[in-house]
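Notes for the structure review
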Amino acid sequence: MMFPKTSFTSLIVGVFLLYVLHTCWVMYGIVYTKPCENPRTDSCISPYLAGKPRLQLSVYTALRPNADGGHSLIHREEEFDVNTRFERLINVSVPKKTRKNGTLYAMVFLHQAGVTPWQDPHQVHLVTQLTTYMMPKPPEISLITGQDDPQKPDQQKQSSESDLERPVSHWRSRLTLNVVSENFQFDREALPGDVHRYMRVYQDGKKMIYLPLLFVDELSNRVKDLMEINSSSAELPLTISYDSIALGKLRFWIHMQDAVYSLQQFGFTEKDADEIKGIFVDTNLYFLALTFFVAAFHLLFDFLAFKNDISFWKHKKSMVGMSSKAVLWRCFSTIVIFLYLLDEQTSLLVLIPAGIGSLIEVWKVKKAFKIHIIWRGLTPTFLFGKQDESEKRTGEYDTLAMKYLSYLLYPLCLGGAGYALVFVKYKSWYSWIINSLVNGVYAFGFLFMLPQLFVNFKMKSVAHLPWKAFMYKAFNTFIDDVFAFIITMPASHRLACFRDDVVFLVYLYQRWLYPVDKTRVNEYGVSYDEEPKGKSHKD
């Protein structure tokens, strides 16, 4: 039996759809918990909260997670109601050991009202860190005057020494707590493993009772809320937030928290993990589900665009109708963005794809300008190929478009760089150069797409463009528009998402205006109407 021929693209799309369906099934298994079908049997585990006990929430600080060496009460919430949301701002005394680049822990107890946690056999508690270690941010100065921001003497001393190269203790200014409020009865035979580690059970006659499910939300600890601890930090503010949580959301949050922790064990820094936390914390569950599907399709279109783009340039023989200046600018801009991300110490999740993209753009420039590299020992020699008449005519249109464009582009870029030099503070001259270049790329980069539109207008053709790769990238442009509303990002990058839409619409208009003519060369430099190179024969 012969199997039908399947294209590689169809295979990838099929695998992608299976992956999405499998992920949906896994997510359903996380948020849905099988309840106990017969509550009167011994196989059920009943909630302690069903008896509506009087509870109290107590928060202590300690230098060690097991409270050896003493503990201090920092907050007591009397008459604690599981269903009542609250937020408290308190000041916490910071011990000397913590101020000397040490650690401080918070011990959260939920226990019977009127007694201490150690007197209640049915208390539940969790321990979490109130501090974390991060590399201190390098000081930024004005490159013209040499003045920096006014700092405390301790901070100035710290930033001037080699302490910038070692992690420094930072204060987590938020403590977010949750308790499952629904009276859910678990089936002893189908108890989820993720909930099991947060569950304390005791025997009451023939019944099994589980104590309140207390949870500390580590995902809410963001880098923007961190405060550097120094020797003068005798007291620091702490916001204690509480809200009830559904069982399905608790299980989902546990899995996400474990995933972030696993990434940190693999070498991800606090800043890398914070970018992932922002996806979950800054959006609700509905937007989170939308983000997943949007990201999945973005990944699919990225791969298909990459595949078709490589295939297009691999077989490219002629630059007729293609703007070589636009190819060169794309290479320059991707390298600038890569250096900017490197200077900002961006996550490897973003940095590695940007670096691969830069290498691909360099390869495109080599193909566009027909560059051949000959090595004579360790010295390279660059040879440029010749252009035919059609390519020279395209080059003339390209040069003319860049001439008109330079009248607008250069003053804007130079003016923006000059303004930043005077009014914005940077770590170094290199940082200013990279930031000025990347701001120019983000703000005015779309102008370098215009020469290709001008070449299309002059040649009255769009047959030379890689339309498959272009359409996949266009879909990603609209997906980026959705991301611009969902995900926190710099304003310049958000504007860059929308500016591409305008150019894409102009491309579509040209596609409609200049129908494909088979007598013109296609993207591989050949014409559909060329005679086949075979032996002539008579009919």
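Residues numbered from 1 in each chain as written. Predicted model: local features only at pLDDT ≥ 70, side-chain atom pairs only at ≥ 80, totals over all residues. Heavy atoms only, no water.

**A look at the overall build of the chain**
Our working rule: The helix and strand labels rest on DSSP assignments: H or I over at least four residues marks a helix, E over at least two residues marks a strand, and numbering proceeds from the N terminus. In this scheme, a residue with accessible area under 20% of its type's maximum is buried, one over 50% is exposed, and one in between is partly exposed, where area comes from a 1.4 Å probe on protein chains only. It only takes one pair of heavy atoms within 4.5 Å for two residues to be counted as in contact. The Shrake-Rupley method, run with a 1.4 Å probe sphere, supplies the accessible areas, and residue values consider only the shown protein chains as cover.
The helix and strand inventory of the chain stands at 14 helices and 17 strands. Considering the chain as a whole, with its 539 residues, one finds that 42% of them fall into the buried category. A separation threshold of at least 6 residues defines the contact pool for the chain, and within that pool the share at least 24 residues apart is 78%. Accessible surface, the chain as shown: approximately 31500 Å² in total, 61% of it carbon and sulfur.

**Things to note about the nonpolar core**
Note the cut-off: Think of a nonpolar core as a cluster: buried Ala, Val, Leu, Ile, Met, Phe, Trp, Tyr and Cys residues, connected wherever their side-chain atoms sit within 4.5 Å.
By size, the foremost hydrophobic cluster in this structure holds 31 residues, and its most contacted members are Phe80, Trp171, Leu175, Leu177 and Leu238. If you list the elements that add at least two residues to this core, you get strand E2 (55-62), strand E3 (71-80), strand E4 (86-93), strand E5 (105-112), strand E9 (174-180), strand E13 (214-216) and strand E15 (235-245). With four residues, the top contributor of residues to this core is E15. Sequence-distant contacts of Phe80, that is, excluding residues within four places in its chain, are made with Leu55, Gln56, Leu57, Phe86, Leu110 and Tyr242.

**Overview of the packing of aromatic side chains**
What counts is decided by this rule: Side-chain rings of Phe, Tyr and Trp (the six-membered ring for Trp) are treated as a pair once their centres are within 6.5 Å; stacked means planes under 30 degrees apart, edge-to-face means over 60, and tilted covers the remaining angles. When the NZ atom of lysine or the CZ atom of arginine is within 6 Å of a ring's centre and also within 35 degrees of its normal, the charge is said to sit over that ring.
The final tally for this structure, using the stated rule, is 14 aromatic pairs. Arranged with centres 5.8 Å apart and planes meeting at 45°, the rings of Phe252 and Trp253 form a pair that is tilted. Taken together, the ring pairs connect Trp25, Tyr28 and Tyr32 into an aromatic cluster. A cation sits over an aromatic face here: Lys249 above Trp253, 5.3 Å from the ring centre.

**Regarding helix H1 (residues 8-31)**
For clarity, the cut-off: Expected span of a helix, by definition, is 1.5 Å for each gap between consecutive residues, and there is one gap fewer than residues.
The end-to-end C-alpha distance of H1 is 35 Å, a good match for the 34 Å that 24 residues give at a rise of 1.5 Å each. All of the buried residues along H1 are Phe16, Val20, Thr23 and Ile30.

**Focus: the pattern of salt bridges**
Put simply, the rule reads: In the sections that follow, a salt bridge refers to a side-chain nitrogen of Lys or Arg positioned within 4 Å of a carboxyl oxygen of Asp or Glu.
Applying the stated rule across the entire model yields eight salt bridges. Measuring nitrogen to oxygen at the nearest pair gives 2.7 Å for the salt bridge that ties Arg54 to Glu79. Here Arg54, found in the loop between strand E1 (44-47) and E2, pairs with Glu79, found in strand E3; they are 25 residues apart in sequence, far enough to count as distant. For the pair formed by Arg54 and Glu79, the shared burial category is exposed.

**A few points about the sheet that holds strand E12 (residues 207-210)**
This is how it is decided: A pair of strands is treated as paired once DSSP finds two or more bridges between them.
One open sheet accounts for four strands, arranged E10-E1-E12-E11; its pairing is mixed. Each edge of the sheet is formed by a strand with only one pairing partner; in this case those strands are strand E10 (186-187) and strand E11 (201-204).

**Some thoughts on the sheet that holds strand E8 (residues 168-172)**
Defined as follows: Between N-to-C directions, angles cover 0 to 180 degrees, with each direction set by a line fitted to C-alpha atoms, over the stretch in contact for helices.
Read across the open sheet, the three strands follow the order E7-E8-E14; overall the sheet is antiparallel. Two strands close off the open sheet at either side, each with one partner strand: strand E7 (131-134) and strand E14 (226-228). Strand-to-strand twist of the sheet, defined as the mean angle between neighbouring strand axes without regard to direction, takes the value 40°. Sheet topology places E7 next to E8; four bridges connect them, and they run antiparallel. Bridge pairing links Thr132 to His170 in E8.

**Things to note about helix H5 (residues 247-265)**
With 19 residues, H5 extends 27 Å from end C-alpha to end C-alpha; this agrees with the ideal 27 Å at 1.5 Å per step. Listed in full, the buried residues belonging to H5 are Leu247, Gly248, Leu250, Arg251, Phe252, Trp253, Ile254, Met256, Gln257 and Val260.

**Examining the packing of H1 against H5**
Filter applied, for reference: Roughly parallel refers to an angle under 35 degrees, roughly antiparallel to one over 145, roughly perpendicular to one between 65 and 115, and oblique to any angle outside these ranges. Charged residues are taken to be Asp, Glu, Lys and Arg, nonpolar residues to be Ala, Val, Leu, Ile, Met, Phe, Trp, Tyr, Cys and Pro, and polar residues to be all remaining types, Gly included.
Contact geometry for H1 and H5: axes closest at 7 Å, N-to-C directions at 120°. Taken together, the axes of H1 and H5 lie oblique to each other. Contacts between H1 and H5 involve Met27, Gly29, Ile30 and Val31 on the former and, on the latter, Gly248, Arg251, Phe252 and His255. Here the contact of H1 with H5 is composed, by residue class, of four nonpolar, three polar and one charged.

**Focus on the side chain of Asp187**
How we decide: Residues scored as charged are limited to Lys and Arg (positive) and Asp and Glu (negative), so that His and the chain ends carry no count. Polar contacts, as used here, are pairs of N or O atoms within 3.5 Å; protein pairs need one atom able to donate a hydrogen and one able to accept it. Residues neighboring in sequence count only if both atoms are side-chain atoms.
On the secondary structure map, Asp187 appears in strand E10. Summary of buried charges: Asp187 has no salt-bridge partner, and the nearest side chain of opposite charge, Lys34, is 4.6 Å away. Within the structure, Asp187 has its side chain in polar contact with the backbone nitrogen of Glu189 (distance 3.1 Å). Once residues lying within four places of it in the same chain are set aside, the contact partners of Asp187 are Lys34, Pro35, Cys36 and Ser43.

**Some points on the side chain of Thr98**
Turning to its location among the elements, Thr98 is positioned in helix H2 (residues 96-99). Overall, Thr98 belongs to the buried group, its relative accessible area being 0%. Of note is the side chain of Thr98, whose polar atom sits 3.3 Å from the backbone oxygen of Thr103. Not counting residues up to four positions away in its chain, the partners in contact with Thr98 are Leu63, Thr103, Leu104, Thr131, Ser169 and Ile229.

**Remarks on the state of the cysteines**
Note the threshold: To count as a disulfide, a pair of cysteine sulfur atoms needs to be within 2.5 Å.
In total, this model carries one disulfide according to the counting rule given. Each disulfide pairs two cysteine sulfurs, and for Cys36 the partner residue is Cys44, the sulfurs being separated by 1.6 Å. Torsion about the S-S bond of the Cys36 and Cys44 cystine: about -65°, corresponding to left-handed handedness. Cys36 gets classed as buried once you look at its relative accessible area, which sits at 10%.

**Remarks on the UniProt feature "transmembrane region" (unreviewed entry) in the chain**
Spelled out, the test is: UniProt positions are given in the numbering used here, feature names are shortened, and annotations may be inferred rather than shown by experiment.
On the UniProt side, "transmembrane region" (unreviewed entry) is annotated at positions that read residues 12-31, 285-306, 327-342, 404-423 and 429-450 here. For the annotated span residues 327-342, helix accounts for 100% and strand for 0% of the residues, and the straight-line distance between the end C-alpha atoms is 23 Å. Helix makes up 100% of residues 404-423 and strand makes up 0%, while its end C-alpha atoms are separated by 30 Å.

**A short note on unusual backbone geometry**
One non-glycine residue, Lys52, adopts positive backbone phi at about 50°. Relative to the assigned elements, Lys52 resides in the loop between E1 and E2. Judged by its relative accessible area of 75%, Lys52 is exposed.

**Section: the environment of Gly355**
By the secondary structure assignment, Gly355 is in helix H9 (residues 348-368). For Gly355, a relative accessible area of 15% gives the class buried.

**A short note on a nonpolar patch on the surface**
Which entries qualify depends on this criterion: Patch membership needs two things, relative accessible area over 30% and no salt bridge, and members are linked within 9 Å if like-charged or within 5 Å if nonpolar (Val, Leu, Ile, Met, Phe, Trp, Tyr).
Together, Trp25, Val26, Tyr28, Val31 and Tyr32 give the surface a local cluster of nonpolar side chains, amounting to about 540 Å² of exposed area. Positionally, Val26 belongs in helix H1. Classification of Val26 as partly exposed rests on a relative accessible area of 37%.

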